[in-house]
Amino acid sequence: MIKKIQYIVIILFVSLLYSKGFAQWASMNGQNGSQVRCILSIPGKVYVGTANNKFNYTTNEGLTWVNSGAGLIDNGIYAMIQYGTNIVIGSNAGIFYNDLTISSDWLPTNNGLTYFSISSFAIIGTKLYAATVGGGVFISNGPGTLWTQSNTGLENLTVISLLAKGTDLYAGTSGGGIYKSTNQGTSWSAVNNGLINQYVPTMTFTGENIYCGTYGAGVFKSTNNGLSWVQVNNGLFNTTINGGLVSVGNKVIAGTQAGIFASFDNGANWIQFNTGLLDQIIRAVSLGTGTAYCGTDNAFCYKRNLSEIISVNNNSIIANPSFRLNQNYPNPFNPSTNITFSLDKYTEIKLSLYDVAGKLIKVLQEGFFNQGDYNIKVDLHELGTGIYFYSLETNERTLTQKMILAK
């Protein structure tokens, strides 16, 4: 009876903490969609594009959502930007626009566009830039005007991200790294020195620093306008950055396949901010006025007070790393997956794989490891479909997680 009472007291105490504003991500009740691919916030509205349920928006921070797809041809929305008093969206059927209140049906603006799978937008002055899959970059003077293809020097035409920094324009490609234009898209040149992974789905900048996120090699930083790049991944134990990079002041926030990370010291160190996130595979990140938003692989949208992230004293967190074993990603998987873990001190470890009966299948990693974060890629092609367990053991502690192999 005493234990039961103690348990109830603990639950009430935890509930009280949360009710008093305990710092965490809060669900926005779903947006009637699927995988979230892009988010844009303006005062009074949050717009969301999904992979197969078109365009959704909320005017009350997620209490209710409106699904607005009239006039759209393709179900998926993969890019979004505000251009003056219009909202412009990109799909696999080209580009459409509407006013900010979404007062009428969507209008196509595809005149001159010869490739219709849109991945990203950027604006310099009055010029609107669209990145396409297979067709490089197109330029227009805004919704309703003619698009012109502009790819001189752009050797990889599958462009998956765009970044405007002053009058310079950067294009991230699928496998060809980054290209830069200093004449607003008239011509391009590759800027890949030090960029060891050239799949670049996202970019941002703070001051003179430019950051790019890659698929599998984490974040890279350039301090010389893209002439050279340096990998900056300390504390970033998931290196697939396909959920976006955004910045506020001198802070950088990254959406990864293991949640949200932020850096307060120009990328030198990263801290995870996942409290409240039920789905940690992040597909989109956006910053509003005082609020951070993220969208996930499983149709969830979350919000969080931006001050809870950017005002954190990261020095104390970095100085006291934790001992943890994270959920593998992807999960379910076939046949390979990644296991990430963190050590709070130099120690001997054994990372082992077990079947559902508790029988040891193999030792995945063992030996003495320094304090820090680790990512182990595991290939289980020789095993059959089923549930398995992986365990991280030291002389003092053991942590275990479940994984699902689905062939």
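Residues numbered from 1 in each chain as written. Predicted model: local features only at pLDDT ≥ 70, side-chain atom pairs only at ≥ 80, totals over all residues. Heavy atoms only, no water.

Caption draft 1: Fine view of the overall build of the protein chain. Per the secondary structure count, the protein chain includes 3 helices and 35 strands. On C-alpha atoms alone, the protein chain measures out to a radius of gyration of 23 Å, which is about the 22 Å that the 2.2 N^0.38 rule sets for 407 residues. By its C-alpha atoms, the protein chain is 70 × 50 × 45 Å across when sized along the principal axes. Sequence separation of 24 or more characterises 49% of the internal contacts of the protein chain that already satisfy a separation of 6 or more. Of the accessible surface of the protein chain, which amounts to about 17,700 Å², a share of 52% is contributed by carbon and sulfur atoms. The centroid of the 23 positive side-chain charges in the protein chain is displaced by 5 Å from the centroid of its 20 negative side-chain charges. (Helix = DSSP H or I, 4+ residues; strand = E, 2+ residues; numbered from the N terminus. Rg over C-alpha atoms; globule rule 2.2 N^0.38 Å. Contact = heavy atoms within 4.5 Å. Areas by Shrake-Rupley, 256 points an atom, 1.4 Å probe, with all protein chains shown as cover. Lys, Arg positive; Asp, Glu negative; His and termini not counted. Charge placed at Lys NZ, Arg CZ, Asp CG, Glu CD.)

Caption draft 2: Quick peek at unusual backbone geometry. Across the junction of Asn331 and Pro332, the peptide omega takes the value 5°, indicating a cis bond. By secondary structure assignment, the location of Pro332 is in the loop between strand 29 (324-325) and strand 30 (336-343). With an omega of -10°, the peptide bond running from Asn334 to Pro335 counts as cis. Among the structural elements, Pro335 can be located in the loop between strand 29 and strand 30. Residue Glu61 is not a glycine yet carries a positive backbone phi of 60°. As for its position among the elements, Glu61 is in the loop between strand 4 (55-58) and strand 5 (66-67). With a phi close to 60°, Asn266 is a non-glycine residue in the positive phi region. With respect to the helices and strands, Asn266 occurs in the loop between strand 24 (259-263) and strand 25 (271-272).

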